[in-house]
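Residue-level listing of the chains:
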Amino acid sequence: MAAHGNLRDDPFLTRLAEQEPSAWFNPAVTTTGAGLAASGLSSGIVDDAAAARLERFAPWIAQAFPETADARGVIESPLYAAPDMQRELGVTAGRLLLKRDDILPVSGSIKARGGVHEVLEYAESLAIEAGLLAPLNSGCATRNLASNEGADPTSCLTTGNNDDEPGGTTDYRAFGSDPFRELMAQHRVVVGSTGNLGLSIGITAAALGLQATVHMSTHAQAWKKELLRSLGVEVVEHSTDYTAAVKAGRKSAQADPTTHFVDDEHSVSLFAGYAVAGRRLARQLANQDFTVDGDHPLFVYLPCGIGGAPGGVAYGLKLEFGDAVHCVFAEPTAAPCMMLGVYTGLHDEISVAELGLDTHTVADGLAVGRPSGFVGRRMQGLIDGYYTVTDQRMKELVKALYATEGILAEPSAAASLDGPRWIAADADYLQRMNLTNQQLQNVTHLAWLTGGGMVPEDIQRGYLA
Ligand SMILES: *Cc1c(COP(=O)(O)O)cnc(C)c1O
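Since this is a predicted model, take the numbers as computed values, not measurements.

Conventions and cut-offs
Per chain, residues are indexed from 1 in the order of the written sequence. Given that this is a predicted model, residues contribute local features only at a pLDDT of at least 70 and side-chain atom pairs are listed and counted only at 80 or more, while totals for whole chains, interfaces and linings are drawn from all residues. The basis for the side-chain values is all heavy atoms of the structure; hydrogens and waters are excluded. Partly exposed residues are those whose accessible area sits between 20% and 50% of the maximum for their type, while under 20% is buried and over 50% is exposed, using a 1.4 Å probe and protein chains only. Strands here mean DSSP runs of E at least two residues long; helices mean DSSP runs of H or I at least four residues long; both are numbered from the N terminus. Only strands that DSSP links by at least two bridges are regarded as paired with each other. The pairing test for Phe, Tyr and Trp rings, Trp by its six-membered ring, is centres within 6.5 Å, and the orientation test on the planes gives stacked under 30 degrees, edge-to-face over 60, and tilted for anything in between. The convention used is that axes are lines fitted to C-alpha atoms, helices contributing only their stretch in contact, and that angles between N-to-C directions extend from 0 to 180 degrees. Residue proximity to a molecule or strand is established when one non-hydrogen atom of the residue lies within 4 Å of it. N or O atoms within 3.5 Å of each other form a polar contact, as long as, within protein, one can give a hydrogen and the other can take it, and as long as residues adjacent in sequence are counted only when both atoms are side-chain atoms. Throughout, the Shrake-Rupley method with a 1.4 Å probe supplies accessible areas, and for residues the shown protein chains are the sole cover considered. By the convention adopted, Pro, Cys, Tyr, Trp, Phe, Met, Ile, Leu, Val and Ala count as nonpolar, Lys, Arg, Asp and Glu as charged, and the other residues, Gly among them, as polar. Angles below 35 degrees are treated as roughly parallel, those above 145 as roughly antiparallel, those between 65 and 115 as roughly perpendicular, and all remaining angles as oblique. Take the far helix as your reference; a near helix turned counterclockwise from it by less than a right angle gives a left-handed crossing, and one turned clockwise gives a right-handed crossing. Contact between two residues is taken to exist if any of their heavy atoms lie within 4.5 Å; hydrogens are not considered. For this quantity, the arc is that covered by the directions from the helix axis to the C-beta atoms.

**Some points on the pairing of strand S10 (residues 385–389)**
Phase 1 of the analysis: The buried fraction of S10 is high, at 5 of 5 residues.
Phase 2 of the analysis: Two elements, strand S1 (residues 23–25) and S10, share 3 bridges in a ladder whose sense is antiparallel. Residue pairing in the sheet places Trp-24 in a bridge with Tyr-386 of S10.
Phase 3 of the analysis: As defined by bridge partners, strand S9 (residues 325–332) adjoins S10 across 5 bridges and the pair is classed as parallel. Within S10, the residue paired with Ala-330 across the bridge is Tyr-387.

**Some words on the packing of aromatic side chains**
Phase 1 of the analysis: Evaluation of the coordinates by the stated rule reveals 15 aromatic pairs.
Phase 2 of the analysis: An aromatic cluster of at least three residues, connected via ring pairs, comprises Phe-57, Trp-60, Phe-65, Tyr-172, Phe-175 and Phe-180.

**Describing the sheet that holds strand S8 (residues 298–303)**
Phase 1 of the analysis: The 7 strands lie next to each other as S1-S10-S9-S8-S11-S3-S2, forming an open sheet whose pairing is mixed. The strands lining the two open edges of the sheet, one partner per strand, are S1 and strand S2 (79–81). Here the strands of the sheet are splayed against their neighbours by 20° on average, with no regard to which way each runs.
Phase 2 of the analysis: As judged from the 4 bridges shared by S8 and strand S11 (residues 444–449), these two strands associate in the parallel manner. Its bridge partner lying in S11, Leu-298 is registered against Thr-444.

**Focus on the site of the ligand**
Phase 1 of the analysis: The local shell around the ligand holds 16 residues, among which Lys-111, Asn-196, Gly-305, Gly-307 and Thr-450 are the closest.
Phase 2 of the analysis: The contact in question runs from an oxygen atom of the ligand to an N or O atom on the side chain of Lys-111, over 2.8 Å.
Phase 3 of the analysis: Gly-305 places a polar main-chain atom, nitrogen or oxygen, 2.7 Å from an oxygen atom of the ligand.
Phase 4 of the analysis: A total of 380 Å² of accessible area belongs to the ligand in isolation, and the protein chains cover 99% of it.
Phase 5 of the analysis: Considering each element in turn, the shell around the ligand owes the most residues, 3 residues, to helix H12 (residues 308–321).
Phase 6 of the analysis: For the shell around the ligand, a count of residues per class yields 6 nonpolar, 8 polar and 2 charged.

**Notes on the packing of helix H5 (residues 111–129) against helix H7 (residues 196–208)**
Phase 1 of the analysis: Packing of H5 against H7 brings their axes to within 8 Å, and their N-to-C directions diverge by 40°. Taken together, H5 and H7 sit at an angle that is classed as oblique. Crossing of H5 over H7 shows right-handed handedness. The segment H5 lies against H7, with Lys-111, Ala-112, Gly-115, Val-116, Val-119, Leu-120 and Ala-123 engaging Asn-196, Leu-197, Ser-200, Ile-201, Thr-204, Ala-205 and Leu-208.
Phase 2 of the analysis: Tallied by class, the residues present in the contact of H5 with H7 amount to 9 nonpolar, 4 polar and 1 charged.

**A few points about helix H6 (residues 178–185)**
Helical periodicity: at 3.6 residues per turn, an α-helix aligns residues three or four positions apart in one direction.
Phase 1 of the analysis: Among the residues of H6, those classed as buried are Phe-180, Leu-183 and Met-184. Here the buried residues of H6 occupy an arc of 100° about the axis, which is enough to place them on one side. Within H6, the exposed residues directed more than 90 degrees away from the buried face are Asp-178 and Glu-182.
Phase 2 of the analysis: In the core, the buried residues of H6 are packed alongside H5, H7 and strand S5 (211–217).

**Remarks on the sheet that holds strand S4 (residues 188–193)**
Phase 1 of the analysis: The 4 strands are arranged S6-S5-S4-S7 in an open sheet whose pairing can be described as parallel. The strands lining the two open edges of the sheet, one partner per strand, are strand S6 (234–238) and strand S7 (259–262). Between one strand and the next, the sheet's axes are offset by a mean angle of 20°, whatever the strand orientation.
Phase 2 of the analysis: Bridge analysis of S5 against S6 gives 5 bridges, and the strand direction is parallel. Along S6, the bridge assignment pairs His-215 with Val-236.
Phase 3 of the analysis: Of the strands in this sheet, S4 and S7 are in contact with H5, which crosses S7 at around 155°.

**A look at the environment of Gln-186**
Phase 1 of the analysis: Checked against the element boundaries, Gln-186 lands in the loop between H6 and S4.
Phase 2 of the analysis: In this structure the C-alpha to C-alpha distance between Gln-186 and Thr-404, which are 218 residues apart in sequence, comes to 49 Å.
Phase 3 of the analysis: Beyond its immediate stretch of four places on either side in the chain, Gln-186 contacts Gln-211 and Thr-258.
Phase 4 of the analysis: Within the local environment of Gln-186, its side chain forms a polar contact with the backbone oxygen of Glu-182, the two atoms lying 3.2 Å apart.

Now the structure itself:
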């Protein structure tokens, strides 16, 4: 594989550098069993920890975010078939489904899965430590925060100074009460974000009464900064790129015991929050009589920025569907960071800047130059492939989606709709996966529409113009 210094000698990387739309299906992809083992992650981070935590918080969520009340505080999005868009895309075999995270409650993007979960985990640990909330049954799997990359991934967060004298309520609606809010007001969450993660963190923090600081690039969308400021969130702008914004956030939070840094590059808590989507999707598919098995493969197209959201969702999907699900990541031609990291084996040790790419793209949610090393290293055996999409194509897809389905998604989300054409185009890949014509007739293509719900109407009209 190309090493530093001679990237341009590799014809594939030359194509990436020239921003040619490209796909790469990883020849090193493994079976689900081998890939899950190689990930070094335990399924406990999803089921026992994140899913259970979201369930505990559901009564508070239903109260704090009334749009979730009908769903009893479950933050979930619809799934449905889109035959008109399928026809528009020219996909003749199988079926196209849309996963509507563009209208996910709380913050209108996939970030309401991971970001909300991590803020809740922090708030929960604070309330337990303060004795306001009853301690959890101890057990490693209930806590994710302490297992960020760099720490032992199987270790427990040991905060308990009150294990001997359990007290506090078990009713999570108490997070709306004065004692809880006074406690939260003494603490802060800090995050670096291209925009949507900041929104999910800022909105959740504000709902709990936590202080919040979001570090963003000056390239981030102005309306996202304004919205955050209107919630009382501190927004710090950096004239450099996303990676620098994250670094600044991490540094500011270091050594401050009243501050929690949401580390988009290494967070297990974010990852686990995203992964909860796997079980939920399995239930939705079953309820609608969509079969997924060896003879009915599921292809899921996930827009990828730093890799946390698609990586976490892919992990959850693999736990549910095993080898029957094929996860493919979509990136802008201006910022194919995960593809570059996995292809070269350098992961977070390489940035798209080394290909001369600047990450400036209309897909602001995906404008990341350096991938999460956590996701690339742990998940590479479970991600079938990667493809890139030009800004022009994303805008076309935004328009087509609106014309056919009346859905206003953001360009990042529309990148998922370009997936099906790359599958059919790669005979080597299909052969390697033993996908027969019969199976391809039965295929379900699922485009994960990752965001758009909070985009102001005038900006959205601009995408359509
Ligand atoms: C953040 C984001 C993604 C990708 O998530 P990462 O964790 O950065 O890979 C995809 N789509 C939208 C709309 C996003 O905001």
